Structures are given as structure tokens and as C-alpha cells.
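Read off the chains here:
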Amino acid sequence: MLIQKLLLTGLISLMPILTFSQGIKGIVSDSEGNSVPFATIYLKETTSGTTTNDLGEYEILLEKGQYTIVFQGLGFQKTEITVDVNDEFITNNIVLKKQEYRIKEVRVYSGGEDPAYPIMRKAISLAPYYQRQTEQYKAEVYLKGSLLMKKIPKLFQKMMEKDEEAPDIKVGETYTLESMNEIEFTAPDIYNHTVLSSRSTFPDTNDDNVIGYITYSFYEPTQDMAISPLAPNAFSHYKFVYEGFFYEGDVAVNKIKVVPKRKSQQSYSGYIYIVDNLWNIHSIDVTNDAFYGELNIKQVYAPVKERSWLPISHRFILKASIMGVKADFRYAGSVKYSDIKLNTSLPVPNTLMKQYAAEDAAKEAAETLAQEQAEQSRQQKKMEELLAKEELSNRDMIRLSRLIEKESRKNEQEEEPLEIKDTYKITHKKDTVSKDSSYWETIRPIPLTSDELRSFEVKDSIKLAEIKSDTTSTKKKKQSAFSKISGGFLSGHTFYANDSSTRITYHGLIGLSQVDFNAVDGWSYQQKFTIRHKIDSVHSFRFEPMVAYAFAREKVMWDAKATYTFAPLKRANIGLYGGQLSRDFNSRYGIDRTLNMFSALFFKEHYMKLYQKDYVAANGSFDLIHGMRIKLAASYSQYEQLDNNTNWSILEQDTPYVDNIPPNDQVGPEHLMDQSDLFTSIDISYTPRRRYRMYKGRKIMYGSKYPTFRVNYVRGLNGVFESDSDYELICGDISQKREWGIFNAFNWQVGAGYFSRNDQMHFSRFQHFNTSEIPVNFKSWNNAFMLLDDYRYSTNEWYAKAHVSYTASYLLLKFLPGLSNRLWTENLYTSYLTQPNYKNYAEVGYSMNQIFLIGSAGVFVGFEDGNYARWGFRVGININD
């Protein structure tokens, strides 16, 4: 049966005309005979759009009747034909003439400004209106994609050959996907997407991920990581050049060249076409040069209903090139709209109403205009005053854009709901992948090329071959499973129970996490397991045992953590902990153990100060009300002072390590000596109107537009269970992080604390700060003092601190030509600290972050009582951001 299907597929691919009933087909070319790939084809009667394929071929199935078909391509004049479709296919080859652009009577603007700027100011101002003009629609979307793998480095090829789970990708092969989809849109951003049918030869690729391109809108200020030419801040990123206009029916279309002010991965270059007097998008052809390759986007809009201009065709071409891998991705989309409903509650600006009235020459439109003017609000009148200006300033443009944005959102919920719900829902109709090639031949609006057809034929052949080799494959899988288990003991592996509810992760025999070196423990080696048991979708248990041996101290160290998660709406959890191990005095903010190891081995610099901690502890946390979280903790610990036990290093073995005593003027012998400590604490934090998302019955928290308020009470209980400790701390802070745009963020924190008792306490219970004595670190630089030593400024009396940081795409150095193309961010920092022995310390800094996605480099300057004190350069790998 399978062989018969393959033969039938081959026959159909050779003679597709046998499966068609009637319609129109042909080739679209220019006046010199060159094919026009991805030319837009729009059928007025069905409000549907499609495109030609890579070879300029088109083929449209139609019912009997008369149709008006519009052919257009960017850079070509629109061609409109009328055809009568009967019982057979009509072949009609279309020749598109080059578009001739006219130049309007040039008006000289102040400062010699290009005529494109007044046009773009109006278009940018009205972008929020056009973004919400259509309240609802249904659309039938055909999506076709192809992948041509051009190059895979030999190293990657060998790795893929060894990994049986790796996708089977071959250089020079073409892979194809196509799907028929139904999309229901409801303003402002709700999409219900149903996959009616799909098939793909893409290796391990889900075409659900690419359908999102169909909803790509340049009326949105940002798309992914690039800034739209219609964004309110577009003038900060682009120059615009007027290159003329052309008439399309009764409307004039302006051609505007989009030129990035600087080479940047966050900018587009190319052309945007704006309808004159309406100031909406007619079409767009732009390219973004990103770190993963060159992405070209083409969209063509048409007035599909009344004054609603919607995209009728999409084309995306990605020439990917990353880490030596090169591939071409091509996606084309055909859209057929139905049930279009305009947003009647959205006031139409008078300047557009006048244009509509002039176009329609209708009394009804004029009466509507008069009624709209009579009912205008004060805000609308301000909008009309600005729109009536023949020449808008940049300030007018920003003000007008904000007014229109505010007016267009008036009928949306005034206060956004706390729960974040997915606005893009996708479902698959039953048997979406079971359709054969004959089905696709009857519905496909964009013809496949010969390479794309061949990819489906090859896939069917591979399926047949796989059926014959089931036995061999099973043997290979058994061998593969054995090799995975044996290999997992070296580098680590996760083992699953039969129902996958239990996962046991062995962290491996070899690796940086298994080996450590410091002057106190000497070399140490550890082994660790993590056991996770999922009781159901909202209850889980986790157990992490660890055992290690410190060779210089000849000491066995161990640690065990057990946590139970329950009450998902309250995000409740409890934990039990215990262990005997060496710990950093500044365990929360201290130096990374791996960095300390390399610093000691190669530079004889041992920054970390350690003590022995034998402890048992319990904690728990839950949401008392939404946004308010309570954390309770208690522990009993035995502390032991430790000395250096080795002087070994790779370099400078004769030089001794600095003593294992934290440098701090407030620290005396009583803070380091052997002692016991019974500790309790309660931490309360509250974030007003914090948003959340529900996932499989669990509550996942997100941000808020309000700050987070936190208060913490800590008590060391003297005499209970022979505890030596006697201290009490009350502290709190207010913090917030606001993000906007692509990379912009503003982060701030202010905090203070007071020890009402400090009669007896171990140095580990002092208030420590987020410091960075070592020039290299693995921590976030927000809310940190980058030039202070790790222990010197810790206190057990009182303190006050503040941090402010600002992140942006461009601040200073990224305006330079060699750096403007990077996806790095620029950051400004300022911090303040005061405490009894160290008052009025201020620190300012500048850094570039996201270097190769995780790296940071910055320079910082510190001041004491307003006087210069120190400066330093820091390098970070922000694995905790």
C-alpha cells in the first residue's frame, strides 16, 4: 500500500493538472523576461492574497465565475486583470512593468530637512490607531517554508553522526514544510490558531514556531529584538530619505528609504511605502542584520474591507550564518480574510475622516464627520489640532503618538488583570498530518518548486526504508542506551523512572563541580545526586545528598537538602537541611569557589575565608495573600574556627597564603571562636499588583509596576539548647526593576538595618554586602559594590545603602562604528553605603554587558566623603542574571 502511495505521489508531482478542476496559473516576470519571485497576488472578490514561488510561478484554484486579480511586486507597477473561470485552467503569464517614481513639488523645510520626515511623523503618530483599527477577523493562512542547508562544519557533522538523537541534516538538501491554518484575531492581541493540516520534511522542527511570522506587525514599536521604523523613538535610530511616489488607483504611495543611523543589530534597512494622506503602511521591504544571519521581511497590505488595510502576503528570507553553519530559510504566507470587523469604538481622526469623505464623495461620510467633531473630547481636540498641522515637529509627533495611544486604549481594560493569560493559543485539528499529496495539490495557493517537491518524495522513501530496518534499529537503540548510561557516570546523567515521575540526576565523576581547592581544605573531591519526585502536577519532593573529602584536613564533609512543594496557589514549600562542611563567612555574596581555586593555584591569592559549620535547619515559605510572601527559618549550628592546612599552589609555592582571618576592624576573637548558634528569622515581602501566570495548576510570579517592600527580623537565641548567640537584627529594603523597549531597564534599591542586640554573634551572622574584591566574578552587577573587599565592610551595628542602575542599548561607546552593530547593552551604576566605621562611601560605574550574551566589562570609581578613593576594572560572566 505504501509503494502504491509513493507511485501515486510521483505521478501527481509530474502531472498536477490531472488533480485540478479549474483556476488560473502562469508565470509572473518583468519586461526583460526575468521571473518575479514572491510577487503578491490579490483576489478582490475573496479578499485573499497569495504569492508566486521562488521561480515566479503561481497557481490558484477557483470556483467558476468572474474574478478581478491584482498582481504587484515591490518596485513594479500593479497589474489588474479580469478573468472568467469555466471548466478548465487558464494560463495567463503576467509581465510587470518597472515602477516609475515621481517627485512631488519639493517644499524646502527648516534646516534642509528631507521631505520623508513630515511623512514619517504622520505615519509614526497614527501607528497606534492602525494597530487597533481592526477589532476582529478570521483568516485562512497557508504557510510554506523551505530550508537549504549550505554548510555544516566537519566537527559538528562528526558530533551529529555519533549522537543518534541528532537530526539527520545533509548539506545541499532542501527541506520543506507547508501548513493550512485558521486564525481568529480579537483586538488587541488575542489569536486563536487552529492547524487544519500540515506536513514537513524539516528535521525535528515544529512549524508552530514559524506561524508567528504571520502576525508580525510593524505598527508594534519592537519586533523580537529590532526597532520598527514606525516606533515612537524611530528618529533616534533611523534616517529617512524620500525617493518619490506612484499612484495605485486613486491613492498616492510614498516610497521612503530607511537608513540606520549606525550599524546595529537592532535596526532595519530597506524601504517602507506609506499611503499619502492616510499615512498607513502600503508595503514594506526591510532587512535586519542579526548575529545569527540576515533576515529580509516583505509584506504587502491591501484595503481588504472598507478602510482596513491588512497584510495579504508575507515573505521572510533568513540567510543564517552562525558558528560556521550556513543555511537559507524561506517562508511565504498566503492570507484569505473573512468576518472582518472594525473597531467602531475607536474614534477616527478627523484628518482621516476628511480623506475618506473626499474619496467617497458621500454625504453620509460628511455627516459622520460633523457628528464626530461635535462629540470630540478635549483629548481628541488636541489630537486634531496636531494632525491639522502641515508640518509636525519631533515633539509634536511624540505627543500625538501618545495621545492616539491613550485614546485607542480607552476602551480596553483600564487596569490590566493580574493573571497573564496566553494571548496566542494553538490547537491541532485531528489527523492534521495524515493528508496525502493529492490533498495538498488541491488546496495549495503557492506552487512548490521541484526541489521542494523532491524533499517530500525523499521523506516518503525514507519512511519505507525505516519499516524494513526496524530490527537493526532496535539493536542500535539498545546499544545506544548502554553507552549513554556508561558515559553518564563520567560526565553526569539523568535517569528516569518508567512513568517519568521520578528523576535521579547523577552529577558525574569528572568536572569542575566535583573538584575544589583552597588553602583550608586543600584539594577536595565531592559526589552528588539529585532526586526529584513529582507526586502530581502541583506537589513535588526533592532530595540532594552530597559527600566530599578534604584531603589536607583529612575530613569527610557532607550536606543534605530535602524540600517539599505543595499548595500551588500559595506557592508553599518546606525544607529540611543538615550538614558538616566548610563555609564562606559571606556565603550569600562571596567569591565563587571555582574562581577562588584558580586564583589560589595560579596567583597565590586566596580571597575566600572559611569556617567549619555543622548544622541542622528548617524553613518554609508561602503567600499569605497575593503579592505578600512569608518566609520562616530556624537553624542550630556549631561553628569551628579553621586555619590554613596547605601552602601548595602551581606557582610561588614558597610564599605562604594569607591567614584565614577575615579583614575587618569590628571583628574580634569572640566573633571567630568555636561557638553554637540557635537562629530564627521571619522575612515578609510585599509587591502590590504583582502579575502571575498559571502553568499546570501552579502559580508562576512575574513583575509589577510597583516596588517590592521587604522587612526581615533575625534573632539569635541565647541559652536555648546551650546556644551562645545573642543578637537581634531588624532590616528592610524597597526595590524595583522596570523594563521597557528591547534592552532598556531601570533598577533601584534602598535599604537599612539595625542590630538592637549584638552581645555575642559569629562573624557569619554579620550583615554582609554584595561586594567584588576579585577583578573577575560570576554574579550580577546590579545592587553591588564592585570595589569593596568581601569582608572588610561587614557590620553588626547598623547600615544604610542604596543602588541605582540604568541599562540602555546606546549610551556612550556603542555609538562608535565598530561597536554599534553589537547586541551589547551599556549600563550606568551608582551605589551608596554608610555604617559606623565606614561612612558615606559612593561608587559610580560604567559597563558593557551581554558581551557574547553573558559577558560584562566595566570600570568603577569609589569616593569616600566626597573624595576620590579608588578605581578598578571588572570582568564578569553573568550566569546569574
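What you see is a predicted model; the values in this text were computed from it and never measured. (Residues numbered from 1 in each chain as written. Predicted model: local features only at pLDDT ≥ 70, side-chain atom pairs only at ≥ 80, totals over all residues. Heavy atoms only, no water.)

### Notes on the overall build of the protein
Within the protein one finds 11 helices and 42 strands. Contacts in the protein between residues at least 24 apart in sequence constitute 62% of all its contacts with a sequence separation of at least 6. On the protein, roughly 44100 Å² of surface is accessible, and the fraction owed to carbon and sulfur atoms is 54%. (Helix = DSSP H or I, 4+ residues; strand = E, 2+ residues; numbered from the N terminus. Contact = heavy atoms within 4.5 Å. Areas by Shrake-Rupley, 256 points an atom, 1.4 Å probe, with all protein chains shown as cover.)

### Here's the deal with the packing of aromatic side chains
This structure, assessed with the given rule, holds 37 aromatic pairs. Ring centres of Tyr810 and Phe815 lie 5.6 Å apart, and the angle between their planes is 40 degrees; on these two criteria the pair is classed as tilted. On the accessibility criterion, Tyr810 (12% relative accessible area) is buried. Residues Phe863 and Tyr868 carry aromatic rings whose centres are separated by 6.4 Å and whose planes lie at 75 degrees to one another, so their mutual orientation is edge-to-face. Accessibility expressed as a relative area gives 26% for Phe863, which makes it partly exposed. For Tyr868, a relative accessible area of 52% puts it in the exposed group. (Phe/Tyr/Trp six-rings, centres within 6.5 Å; stacked < 30°, edge-to-face > 60°. Buried < 20%, exposed > 50% of the residue type's maximum accessible area, 1.4 Å probe, protein only.)

### Focus on the pattern of salt bridges
Throughout the structure, instances matching the rule amount to 27 salt bridges. As a salt-bridge pair, Arg571 and Asp623 come within 2.8 Å of each other at their nearest N and O atoms. One end of the pair, Arg571, is in the loop between strand S27 (555-566) and strand S28 (572-584); the other, Asp623, is in strand S29 (residues 610-625), with 52 residues separating them in the sequence. Looking at Arg571, the relative accessible area reads 22%, which means it is partly exposed. Between Glu728 and Arg715 there is a salt bridge whose closest N-O contact spans 4.0 Å. Linking Glu728 in strand S35 (residues 726-740) with Arg715 in strand S34 (residues 708-716), this pair joins segments that are 13 residues apart in sequence. (Salt bridge = Lys/Arg side-chain N within 4 Å of Asp/Glu carboxyl O.)

### Some remarks on unusual backbone geometry
Although it is not a glycine, Phe852 adopts a positive phi angle of roughly 50 degrees. Relative to the helices and strands, Phe852 is located in the loop between strand S40 (838-851) and strand S41 (855-864). For Leu853, which is not glycine, the phi dihedral falls at a positive 75 degrees. Within the fold, Leu853 resides in the loop between S40 and S41. Owing to a relative accessible area of 54%, Leu853 belongs among the exposed residues under this scheme.

### Brief notes about the pairing of strand S32 (residues 692-695)
The sheet contact formed by S32 and strand S33 (residues 698-701) spans four bridges and is antiparallel. Bridge pairing in S33 places Arg693 opposite Ile700. (Pairing = 2+ DSSP bridges.)

### Points about helix H2 (residues 116-131)
For H2, with 16 residues, the first-to-last C-alpha span of 22 Å sits near the 22 Å given by 1.5 Å per residue. The largest bend along H2 measures about 35 degrees and falls at Ser125, with the proline Pro128 one to four residues further on. Within H2, 15 of the 16 residues are buried, which leaves the element mostly enclosed by the surrounding structure. (Expected span 1.5 Å × (residues − 1). Bend = angle between axes of the 7 residues up to and from the residue.)

### Some words on the nonpolar core
The biggest cluster of nonpolar side chains holds 59 residues, and the ones touching the most others in it are Leu230, Phe240 and Ile272. By residue number, the principal contributor to this core is H2, which donates 10 residues. Core analysis: the next-biggest nonpolar cluster, separate from the first, contains 37 residues, Val520, Leu642, Cys731 and Leu787 among them. (Core = buried A, V, L, I, M, F, W, Y, C linked by side-chain atoms within 4.5 Å.)

### Looking at the environment of Asp726
Residue placement: Asp726 occurs in strand S35. Considering only alpha carbons, one finds Asp726 and Asp677, 49 residues apart in sequence, at a separation of 8.5 Å. Filtering out sequence-adjacent residues up to four positions away, Asp726 remains in contact with Arg715, Gly716, Asn718, Arg757, Asn758, Asp759 and Gln760.

### A word on the confidence of the model for the protein
Of all residues in the protein, 84% attain a pLDDT of 70 or more, and the chain-wide mean is 84. For residues 361-370, every residue scores under 50 in pLDDT, and the model assigns this stretch eight contacts once sequence neighbours within four places are set aside. Across residues 471-479, confidence stays below pLDDT 50; counting only partners more than four residues off in sequence or on other chains, it has one contact. (pLDDT = per-residue confidence, 0-100.)

### Concerning the pairing of strand S1 (residues 23-30)
Summarising burial for S1: six of the eight residues are buried, a large majority. By the bridge criterion, five bridges tie S1 to strand S4 (residues 57-61) in an arrangement that is antiparallel. By the bridge assignment, Gly26 is partnered in S4 with Tyr58. Where S1 lies against strand S8 (residues 94-96), three bridges are found, and the strand directions are parallel. If you follow Asp30 over to S8, its bridge partner there is Leu96.

### Concerning helix H11 (residues 593-603)
All of the buried residues in H11 are Leu595, Asn596, Met597, Ser599, Ala600 and Leu601. Elements in contact with the buried residues of H11: strand S24 (515-518), strand S25 (522-534) and strand S37 (776-777). By the N-cap criterion, in which a side-chain oxygen at the helix start approaches the backbone nitrogen of a residue two or three places on, H11 is capped by Asp592, the distance to Thr594 being 2.9 Å. (Polar contact = N/O pair within 3.5 Å; in protein donor to acceptor, adjacent residues only side chain to side chain.)

### Focus on the side chain of Thr807
Here Thr807 lies in strand S38 (residues 798-808). Engagement of the side chain of Thr807 in a polar contact is seen with the side chain of Asn827, the distance being 2.6 Å. If we skip the residues at most four places from it in the chain, Thr807 touches Phe743, Asn744, Ala745, Thr825, Glu826 and Asn827.

### Topic: the side chain of Arg121
When you line up the elements, Arg121 lands in helix H2. For Arg121, a relative accessible area of 5% gives the class buried. A polar side-chain atom of Arg121 sits 2.5 Å from a polar atom in the side chain of Glu113.

### Examining the environment of Asp451
Structurally, Asp451 is set in helix H9 (residues 450-468). Note on Asp451: relative accessible area 46%, which makes it partly exposed. In this structure, the C-alpha to C-alpha distance between Asp451 and Thr176, residues 275 residues apart in sequence, is 8.9 Å.

### Some words on a positive patch on the surface
The grouping of Arg503, Lys534, Lys696 and Arg698 at the surface amounts to a positive patch. Looking at the element boundaries, Arg503 is found in strand S23 (residues 502-506). (Patch = residues over 30% accessible without salt bridge, like charges linked within 9 Å, V, L, I, M, F, W, Y side chains within 5 Å. Lys, Arg positive; Asp, Glu negative; His and termini not counted. Charge placed at Lys NZ, Arg CZ, Asp CG, Glu CD.)

### As for the environment of Pro669
The topology assignment puts Pro669 in the loop between strand S30 (628-641) and strand S31 (675-686). For Pro669, a relative accessible area of 68% translates into the label exposed. Along the backbone, Pro669 and Phe763 are 94 residues apart, and their C-alpha atoms lie at a distance of 9.8 Å.

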